[in-house]
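Residues per chain, in single letters:
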Amino acid sequence: MCRDCGCSPAVHDERASLPGEEHRVHDQPDPDRAARTIDLHLSLLAKNDHRATHNREHFRRAGVLALNLLSSPGSGKTRLLERTLVDLAGRLRMGVVVGDLQTDNDARRLRGRGAEVVPITTGNVCHLEAGMVHRACHALDLDALDVLFIENVGNLVCPAAFDLGEAARVVLLSTAEGEDKPQKYPEAFKSAQLVLITKMDMAEAAGFDLAAALDNVRTVAPQATMLEISARSGAGLTDWYAWLLERAGMRTLNKSAEVALH
Amino acid sequence: MHELGLMQACLTLACDQARLHGARRIEGITLRVGDLSGAVPEALELAFEVVSPGTVAEGARFLVERVAVICRCAACASDFYPSDVVFECPSCGRLSAEVRQGRELELTNLEVS
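Residues numbered from 1 in each chain as written. Chains lettered and ligands numbered in written order. Predicted model: local features only at pLDDT ≥ 70, side-chain atom pairs only at ≥ 80, totals over all residues. Heavy atoms only, no water.

Tallying secondary structure elements over chain A gives 11 helices and 8 strands in all. Burial analysis of chain A (262 residues in total) assigns 47% to the buried set. The contacts of chain A with a sequence gap of at least 6 include a subset with a gap of at least 24, amounting to 74%. When the accessible surface of chain A is summed, it comes to about 12100 Å², and 49% of that surface belongs to carbon and sulfur atoms. (Helix = DSSP H or I, 4+ residues; strand = E, 2+ residues; numbered from the N terminus. Buried < 20%, exposed > 50% of the residue type's maximum accessible area, 1.4 Å probe, protein only. Contact = heavy atoms within 4.5 Å. Areas by Shrake-Rupley, 256 points an atom, 1.4 Å probe, with all protein chains shown as cover.)

Spelled out as C-alpha cells, the structure:
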C-alpha cells in the first residue's frame, strides 16, 4: 500500500482488479473431480501495467511531462541530461529519476544543476519497472515540475517491455554504435516517439553512416521523430529543446485548463 | 528478457487462480506469447521447469501458443503479416506502426482438477 501519496488500498490491490474474479466458485475441491479448463487471459505484466497506469495518472494530475530514456550503455543519456538541465534551467522546472544496477554515479553527475535528482539502484535488475519509479517519485514534488526525465538502465532489450507511465519514450543511438541497431532491437525502437542520434561530433571519426542509420530508424520505427545531436558540441540541441518545450507546454496548458474548469 | 521472473509471476497468478476456483492441482498451463513481446517460448518452458517443483503446478503440461505479428495498413484499411521487422504493407508498400496483435504475454487458461 502506498501511504505516502494517499493511494487507496483498492487501487493497489491487484488481486481485486484481476478479471478472473468473476469466475469464482464456492464449492469445495472434489478429489474425484475431472479436469476442467479455467479461461483467464491475464497479462503476465499486469502488475507493472497497473502501476504504470497509476503513475501516468499521477503525472497527468501534476501536469508533468514524464519521459523514459532508453539506450545501450554509454550512448550519452546522462551527458545529454547534464547539458539539458543547465541550458533549460530558466525555462523548465526539471526533475530526474536515474536507474543503474550499481553506483549512483549518474545521479552525482547530474546534481548541482538546479534539478532534483533521485537515484534508483536496482541491484541486479536490468530495467526499471513502474513500481520503482513510483517509489522514487515520493522523493520529488511532482506538482513543482514541468518535466521528469526517467533515465532507464542502459539496455535496449528488457526496458522496452516495461511501461513506466511515461508520456513518451526517447531512444538514443550513438554514432559509436552500429547503424543496424534498430533492426537488432526492434521492440525498443518501435516503442519510441523520439529517436536521438547522439555523439554526432564523432560521426566521421567513427565512420558512421548517418544516412543508413536514419533509413533504418525510419523503416523500423516509422512512428518516431528523428533528431541528430551532440551534447558535446551543442549541435542539434535547439531542436531537442524545442521538442521538449512544445510537449512540456502542452502539459502545462492542459493542467491549467483542468484547474480552470474546477 | 528474463523469463524466470516472468514465470514466477505466472506461477503466482496460476496458483492464486487455482485456489480461487477450488482446484487441488494444476494439470495444464497455456500461455499466449506474441512474437513482439520480447519473451522466448523455449526459455519460458525452461523457466517453468525451474520454478514449478514443489507447487500445485509441478508436472503440469506447459503449452505456449505463439502469436504472430499482425499490422494494420491505414492507407489500405487492411491487416497484414509483416515478413520481418520492417512493417511494410505488401499491397502499397507503406510502413505501418500499428500493431494489432503480437505483443501478448498472457496466461491464457489453466487446466485444473
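The structure having been displayed, the exposition proceeds.
Tracing the sequence through the fold places Asp 106 of chain A in helix α5 (residues 105–110). Excluding residues that lie within four positions of it along the chain, Asp 106 of chain A makes contacts with Thr 78, Val 98, Asp 100 and Glu 151 of chain A.

If you look at the interface, chain A gives 37 residues, while chain B gives 33 residues. Of the roughly 3200 Å² buried between chain A and chain B, counting both surfaces, carbon and sulfur atoms make up 65%. Area buried by chain A at its contact with chain B is led by Ile 38, Leu 44 and Lys 190 of chain A, which between them contribute 22% of it. Linking chain A with chain B are 0 salt bridges. Where chain A meets chain B, there are 10 residue pairs in polar contact (both at pLDDT 80 or more). Those elements giving two or more residues to the side of chain A that touches chain B turn out to be β1 (36–43), α8 (186–190) and α10 (210–220) of chain A. Sorting elements by how many residues they give to the side of chain A that touches chain B places β1 of chain A first, with 8 residues. Considering only residue class, the side of chain A that touches chain B consists of 19 nonpolar, 9 polar and 9 charged. (Buried area = accessible area lost by both parts, 1.4 Å probe. Salt bridge = Lys/Arg side-chain N within 4 Å of Asp/Glu carboxyl O. Polar contact = N/O pair within 3.5 Å; in protein donor to acceptor, adjacent residues only side chain to side chain. Nonpolar A, V, L, I, M, F, W, Y, C, P; charged D, E, K, R; others polar.)

What follows covers the confidence of the model for chain B. Put simply, chain B has an average pLDDT of 95, and 99% of its residues get 70 or more. Across the interfaces of the predicted complex, the ipTM metric reaches 0.90, alongside a pTM of 0.86. (pLDDT = per-residue confidence, 0-100.)

All right, on to the sheet that holds strand β7 (residues 194–198) of chain A then. All names here are of chain A. What the 7 strands build is an open sheet, ordered β4-β3-β5-β2-β6-β7-β8; its pairing is parallel. The open sheet has two edge strands with one neighbour each: β4 (116–121) and β8 (225–228). Shown here is a sheet whose adjacent strand axes are inclined to one another by a mean of 20°, direction ignored. (Pairing = 2+ DSSP bridges. Axes fitted to C-alpha atoms, helices over the stretch in contact; angles between N-to-C directions.)

Let us look at the state of the cysteines. All names here are of chain A. Counted by the stated rule, this structure contains 0 disulfides over all chains. Cysteine Cys 158 remains unbridged, with the sulfur of Cys 126 as its closest cysteine sulfur at 3.5 Å. For Cys 158, a relative accessible area of 6% translates into the label buried. (Disulfide = S-S within 2.5 Å.)

Looking now at α10 of chain A. Since one α-helical turn is 3.6 residues long, residues separated by three or four positions face the same way. Residue and element names in this part refer to chain A. When α10 is considered as a whole, its buried residues turn out to be Ala 213, Asn 216, Val 217, Thr 219 and Val 220. On its buried face, α10 is in contact with β6 (168–174), α7 (181–184), α8, β7 and β8. Near the N-terminus of α10, the side chain that reaches the backbone nitrogen of Ala 211, with its oxygen 3.4 Å away, is that of Asp 209.

Read from one edge to the other, the open sheet built from 4 strands follows the order β1(A)-β6(B)-β1(B)-β2(B), with strand pairing classed as mixed. Two strands bound the open sheet, and with one partner strand each, they are β1 of chain A together with β2 (61–67) of chain B. Adjacent strand axes in the sheet meet at a mean angle of 15° when their direction is disregarded. Relative to strand β6 (residues 105–112) of chain B, strand β1 (residues 26–34) of chain B is paired through 7 bridges, and the arrangement is antiparallel. Each residue of the ladder has a partner; that of Val 33 of chain B, found in β6 of chain B, is Leu 105 of chain B. Across the sheet, helix α2 (residues 41–51) of chain B touches β1 and β2 of chain B, and the angle it forms with β2 of chain B is around 160°.

Attention now moves to empty space enclosed by the protein. Residues and elements named next belong to chain A. Under the defined criterion, the tally for this structure stands at 1 cavity of 30 Å³ or more. Computed from the structure, the largest cavity encloses a volume of approximately 40 Å³. Lining the largest cavity, in full, are Val 98, Asp 100, Thr 103, Asp 104, Asn 105, Asp 106, Ala 107, Pro 119, Ile 120 and Thr 121. Put simply, the parts of the chain that give the lining of the largest cavity at least two residues each are β3 (94–100), α5 and β4. For the lining of the largest cavity, a count of residues per class yields 4 nonpolar, 3 polar and 3 charged. (1 Å grid on protein atoms, 1.4 Å probe; cavity = no way out; pocket = protein on both sides within 12 Å on 5 of 7 lines; lining within 4 Å. Points joined across faces, edges and corners; volume = space filled by probe spheres on them.)

Next up on the list: α2 of chain B. Residue and element names in this part refer to chain B. Within α2, burial applies to Pro 41, Leu 44, Ala 47, Phe 48 and Val 51. All buried residues of α2 project into a common sector of 115° when viewed along the axis, lining one side. The exposed residues of α2 that point more than 90 degrees off its buried face are Glu 42, Leu 46 and Val 50. As for α2, its buried residues are in contact with α1 (3–20), β1 and β2. (Arc of directions from axis to C-beta.)

Let us now look at the layout of surface pockets. Its boundaries defined by the atoms lining it, the second largest pocket holds a volume of some 590 Å³. In this structure, the second largest pocket is lined by 25 residues; those nearest its centre are Ala 160, Ala 161, Phe 162 and Arg 169 of chain A together with Arg 103 of chain B. If you list the elements that add at least two residues to the lining of the second largest pocket, you get α3 (46–62), β6 and α8 of chain A. Its residues assigned to classes, the lining of the second largest pocket comprises 12 nonpolar, 5 polar and 8 charged.

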